[in-house]
There are 2 protein chains.
Amino acid sequence: MSNPLKVAVLGCGSVGSQVVRLLRAQADDLAARIGAPVELAGVAVRRLDAPREVDVPAELLTTDAMGLVCRGDIDVVVEVIGGIEPARSLILAALENGASVVTANKALLAEDGPTLYEAADKAGRDLYYEAAVAGAIPILRPLRESLAGDKVTRVLGIVNGTTNFILDRMDTAGSGFDEALEEAQALGYAEADPTADVEGFDAAAKAAILASLAFHSRVTAADVHREGISEVTAGDARSARDMGSVIKLLAIAELRTTEGEGGHRDEAVCVRVHPAMIPRSHPLASVREAYNAVFVESEAAGQLMFYGPGAGGAPTASAVLGDLVTVARNHRQGTRGVGESAYADRTVVPMGEARTRYHVAIDVDDRAGVLAAVATAFAGHGVSIQTVRQEGRDDDAQLVVVSHEATDAQLAATVEELRGMDIVRDVTSVMRVEGTEE
Amino acid sequence: MSNPLKVAVLGCGSVGSQVVRLLRAQADDLAARIGAPVELAGVAVRRLDAPREVDVPAELLTTDAMGLVCRGDIDVVVEVIGGIEPARSLILAALENGASVVTANKALLAEDGPTLYEAADKAGRDLYYEAAVAGAIPILRPLRESLAGDKVTRVLGIVNGTTNFILDRMDTAGSGFDEALEEAQALGYAEADPTADVEGFDAAAKAAILASLAFHSRVTAADVHREGISEVTAGDARSARDMGSVIKLLAIAELRTTEGEGGHRDEAVCVRVHPAMIPRSHPLASVREAYNAVFVESEAAGQLMFYGPGAGGAPTASAVLGDLVTVARNHRQGTRGVGESAYADRTVVPMGEARTRYHVAIDVDDRAGVLAAVATAFAGHGVSIQTVRQEGRDDDAQLVVVSHEATDAQLAATVEELRGMDIVRDVTSVMRVEGTEE
Ligand SMILES: NC(=O)c1ccc[n+]([C@@H]2O[C@H](COP(=O)([O-])OP(=O)(O)OC[C@H]3O[C@@H](n4cnc5c(N)ncnc54)[C@H](OP(=O)(O)O)[C@@H]3O)[C@@H](O)[C@H]2O)c1
Ligand SMILES: NC(=O)c1ccc[n+]([C@@H]2O[C@H](COP(=O)([O-])OP(=O)(O)OC[C@H]3O[C@@H](n4cnc5c(N)ncnc54)[C@H](OP(=O)(O)O)[C@@H]3O)[C@@H](O)[C@H]2O)c1
């Protein structure tokens, strides 16, 4: 067998400790699959004396991550520190020093991916990051390779386990948001500061990565329209139930075809993260608890779904090691896998141009002509109504309107007009509706 | 851009015609992704004048498939003829002539895969076959690459759309097998001669391919224990419902760990295709109509599921073209993708040693001591009972027993003993139970 392949692991927390554990537990299989044994050359951490889930020999531990990466004999660097710096500088240094890189760092990739992809191209090395989206679920490799002969038209993902757990509790136990969040925190599904998950920042980073790969274009987190779930109420969850739907936080990346000048067809990308009602018959509706799933629509393959654990040390480490095997094989053969490609160079349309549907609940005066007035407001903005349900309650009434597809701007303008109408006491809930055919 | 890549397509039926169509429709994207344009160099068929779903220029059509493959300038051969011969000879000739090969031919791979894999190794060329299992669903690439750093312990697949459609109708409409089969035939989901699907031959071929990849061992169709669904009755479907379960035809590949000599742990493979009851809460239970899905359990990643259309011209062609892009890139770079590996060389255990659970329905005399006698029969073969349900009916009674896990041989012997007992009028149904924890 060949010379050992030297691997440096940067970070030894939830994910890093499982990477180190699996490198040992699976050593024989990894060697057989790569064609060379893997040697753990060093593990960089912040605190040498912190308790760890795995035993790391003292001589392998270092706080000098940059020194490890630049040692000159490292073949593959696994970056599982997270965050922007020093992760970015370490990855760039690794590539410059001839190493290939595997990372799980969605925040960095979504913020500054192109810098890293260019550095990998320049160095002629691999940069793989399956673990960055939906943890253990193989989704980037299928998008990048399995669907390379097809045309992906839409990706709908449940890519954040914390928010899926919370929404699932609100659906099944009737909990309010705060109560469900507390439960998620108690069970370790949500962090003490849940902002990144609950407000959709984590999902938006993943949406940017998915959109880039699916549409061969450069999409960063800043391009992603983002709304979290903190304003979803128990009432919204009930309304969804009444409609035979369920609320999920979706990361959505869609191809939008528009007629451009002179009949030329323009294809643009629409990327967004927001809570949405989906019908219970949709495959994503049955994704429970903290599980993740990504639903892909493409022209020839039709509808595909990929399901599994979206986080956790061991599942994420599984994805990291899958990449490590591929990268290591390539490294040994002096070749590279598929690099990033942004050849299609599609523009990202602003949220106002996204085509969606709205579910709107409106408290109105209970008098004649109300429905006509509301319908006129929708029509005035070019939004056609699919269904209206009217529910009398004491002296006022509630209208629940589900629209047909229209631009988000048209829908938002309709809701704004509704809020200003005399007969409208309150617009109590506005929620997008996804996953249904017109 | 580089010289065009010459592709020969063998067969222009359901799949081949869609491959040819997509090669044209996606030409620009394929060229961008491969780094060179794809040139359709020839299409081999049996009948030059047959009506086709796609226009093929007359000068590209040929009945001399071997001549096309051996022309000397073909870079990639796509084999979508099917069957053993001439497909095998054509693939071998293609590899010998320096072409890489993409095929959808599960029958050939399951019968004689090793011959092909060795030929590909010898030629230093790629042999890819994602489309051979579960059509458009990316499952082989994830197993082979994404999970390469993990240890797969079990694969449970719904890999035949025809039988899933039939069982789904039996479940939801209460149809009998014959009625459901006729409906499947009327809708084009089943062929006039449905044997290959209904008797599990098609699923067994796929099970062999999945087991080989998941366990890095050589498994052929002959190693797969196979039972079809033609004996599943409307009563079985009802019993499953009563238990909160549903019957699916499963392709199962499991790793079996046994204590070998001197405490050494032996790992063997168990591969089988049979109808089984699975709980409705299992992710596979909600796979409806002719859809396919593959559920994978691995040590680090946990439970993953891959879902989508398992057949059809366009979906299957999507998988073929995904492989084509990978193979074409490798071909241009003078490298190869991951070849087959059978390094683990695990043995396949006979069905009698498989560990399963049984659901047994028994018509018995309605008299005292019957339950005790039946329980004794189970215990006598070392099978412990999980639940018994007793239903009185006129002067006889029915017992429904669900066992704990035992070897298939123990369970089969128990059923045989039951059949011979005086108090037992008939064993009306025997069905394995899968997808539950002990
Ligand atoms: N956890 C998951 O389920 C999951 C899932 C998907 C992706 N990811 C991604 O995986 C990455 C790692 O996540 P994690 O949950 O494992 O994080 P974590 O538990 O917080 O671990 C971070 C590790 O990085 C080390 N570290 C921090 N700053 C460092 C520095 N300047 N130099 C060297 N080491 C440093 C820490 O050292 P000390 O131990 O000494 O403090 C710690 O070992 C992140 O990008 C995350 O987004 C995580
Ligand atoms: N159909 C699916 O949904 C599906 C899904 C997964 C995998 N597959 C696999 O894909 C392969 C093709 O299936 P298919 O459904 O496309 O089959 P098909 O519709 O029967 O087409 C077979 C094609 O092969 C041609 N052919 C037959 N014998 C030939 C020979 N000796 N030389 C040259 N051409 C020959 C036929 O020519 P003529 O047209 O002139 O008769 C026809 O075009 C099979 O291995 C199948 O298992 C199919």
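Residues numbered from 1 in each chain as written. Chains lettered and ligands numbered in written order. Predicted model: local features only at pLDDT ≥ 70, side-chain atom pairs only at ≥ 80, totals over all residues. Heavy atoms only, no water.

As annotated in an unreviewed UniProt entry, chain A carries the name Homoserine dehydrogenase and is attributed to Nocardioides panacisoli. As its UniProt record puts it under Cofactor (unreviewed entry), chain A is described as follows: "a metal cation". (UniProt positions renumbered as here; feature names shortened; annotations may be inferred.)

Peer 1: Could you clarify how one ought to interpret the relation of the copies chain B and chain A in this entry?
Peer 2: Turning one copy of the chain about an axis and sliding it along that axis gives the other copy, so a rotation and a shift relate them. The two copies are related by a screw operation: chain B maps onto chain A through 180 degrees of rotation and 0.0 Å of translation along the axis, at an RMSD of 0.1 Å. Such a combination of rotation and displacement between the chain copies is what one expects of a two-fold axis. For chain B, the minimum C-alpha distance to the rotation axis belongs to Phe 306 of chain B and amounts to 2.4 Å. (Least-squares fit on C-alpha atoms with pLDDT ≥ 70 in both.)

Peer 1: Explain the interface of chain B and chain A here, please?
Peer 2: Interfaces are often sized by the amount of accessible area the parts lose when they come together. Counting residues at the interface gives 44 residues for chain B, matched by 44 residues for chain A. The junction of chain B with chain A conceals about 3900 Å² of combined surface from both sides, 53% of it contributed by carbon and sulfur atoms. Inspection of the chain B/chain A interface yields 2 salt bridges. Along the contact surface separating chain B from chain A lie 22 residue pairs in polar contact (both at pLDDT 80 or more). Elements represented by at least two residues in the side of chain B that touches chain A include exactly α2 (27-34), α6 (140-146), β12 (302-309) and α12 (313-333) of chain B. (Contact = heavy atoms within 4.5 Å. Buried area = accessible area lost by both parts, 1.4 Å probe. Salt bridge = Lys/Arg side-chain N within 4 Å of Asp/Glu carboxyl O. Polar contact = N/O pair within 3.5 Å; in protein donor to acceptor, adjacent residues only side chain to side chain. Helix = DSSP H or I, 4+ residues; strand = E, 2+ residues; numbered from the N terminus.)

Peer 1: Honestly, the environment of Leu 116 of chain A in this entry has me stumped. Any pointers?
Peer 2: Relative to the helices and strands, Leu 116 of chain A is located in helix α5 (residues 106-123). For Leu 116 of chain A, the residues in contact, after removing those within four places along its chain, are Arg 88, Ile 91, Leu 92, Leu 95, Leu 108, Leu 109 and Leu 127 of chain A.

Peer 1: How should I be thinking about the pattern of salt bridges in this particular structure?
Peer 2: All names here are of chain A. Taken as a whole, this structure holds 56 salt bridges over all chains when the rule is applied. The salt bridge involving Asp 202 is made with Lys 106; its shortest N-O contact spans 3.5 Å. Linking Asp 202 in helix α10 (residues 201-215) with Lys 106 in helix α5, this pair joins segments that are 96 residues apart in sequence. For Asp 202, a relative accessible area of 11% puts it in the buried group. Using a relative accessible area of 28% as the deciding quantity, one classes Lys 106 as partly exposed. Each of Arg 154, Glu 254, Arg 272, Glu 297 and Glu 434 takes part in a single network of salt bridges with overlapping partners. (Buried < 20%, exposed > 50% of the residue type's maximum accessible area, 1.4 Å probe, protein only.)

Peer 1: Teacher, can you tell me more about the site of ligand 1 here?
Peer 2: Residues and elements named next belong to chain A. Residues in close proximity to ligand 1 total 21 residues, the closest being Cys 12, Val 15, Arg 47, Arg 52 and Gly 312. At 2.7 Å from an oxygen atom of ligand 1 is found a main-chain nitrogen or oxygen belonging to Arg 47. In this structure, an oxygen atom belonging to ligand 1 sits 3.5 Å away from a side-chain N or O atom of Lys 106. Compared with its free state, where it exposes 910 Å², ligand 1 has 79% of that area covered by protein. Of the residues assigned to the shell around ligand 1, the class counts are 10 nonpolar, 7 polar and 4 charged. (Near = heavy atom within 4 Å. Areas by Shrake-Rupley, 256 points an atom, 1.4 Å probe, with all protein chains shown as cover. Nonpolar A, V, L, I, M, F, W, Y, C, P; charged D, E, K, R; others polar.)

Peer 1: Help me understand the domain arrangement of chain A in this model?
Peer 2: For chain A, the domain assignment lists domain 1 (5-135 + 314-333), domain 2 (140-310) and domain 3 (352-433). A straight line from the C-alpha centre of domain 1 of chain A to that of domain 3 of chain A covers 52 Å. (Domains from an automatic or database assignment.)

Peer 1: Sorry, what's going on with unusual backbone geometry here?
Peer 2: Among all residues save glycine, negative phi is the norm, and among peptide bonds the norm is trans. Residue Pro 86 of chain A is bonded to the preceding Glu 85 of chain A through a cis peptide linkage, with omega at 5 degrees. Residue position: Pro 86 of chain A is located in the loop between β4 (76-79) and α4 (87-96). Phi at Glu 289 of chain B is positive, roughly 50 degrees, even though this residue is not glycine. On the basis of relative accessible area, Glu 289 of chain B is assigned to the partly exposed category, the value being 40%. Its identity as a non-glycine residue notwithstanding, Asp 345 of chain B has a phi of 50 degrees, on the positive side. For Asp 345 of chain B, the position within the fold is in the loop between α12 and β13 (355-365).

Peer 1: What's the story with the site of ligand 2 in this structure? I'm lost.
Peer 2: Residues and elements named next belong to chain B. The full set close to ligand 2 counts 21 residues, and Cys 12, Val 15, Arg 47, Arg 52 and Gly 312 are the nearest of them. A distance of 2.9 Å separates an oxygen atom of ligand 2 from a polar backbone atom of Val 15. For ligand 2, the protein covers 78% of the area, taking 900 Å² as the surface of the free molecule.

Peer 1: Looking at this structure, how should I read the sheet that holds strand β1 (residues 5-10) of chain B?
Peer 2: Within a sheet, neighbouring strands are paired by backbone hydrogen bonds and run either parallel or antiparallel to one another. All names here are of chain B. Sheet architecture is open: 6 strands sit in the order β3-β2-β1-β4-β5-β6, paired in parallel fashion. Taken across any chain shown, the strands that pair with only one partner, and hence form the sheet edges, are β3 (61-62) and β6 (127-128). Summarising the sheet, β1 and strand β4 (residues 76-79) pair through 4 bridges and their orientation is parallel. The residue of β4 that forms the bridge with Ala 8 is Val 77. The strands touched by α12 are β1, β4, β5 (100-103) and β6; relative to β5, the strand with the most contacts, the crossing angle is about 170 degrees. (Pairing = 2+ DSSP bridges. Axes fitted to C-alpha atoms, helices over the stretch in contact; angles between N-to-C directions.)

Peer 1: Looking at this structure, I do not really get the environment of Ala 342 of chain B. What am I missing?
Peer 2: All names here are of chain B. Positionally, Ala 342 belongs in the loop between α12 and β13. For Ala 342, a relative accessible area of 25% translates into the label partly exposed. For the pair formed by Ala 342 and Ala 314, sequence separation is 28 residues and the distance between their alpha carbons is 32 Å.

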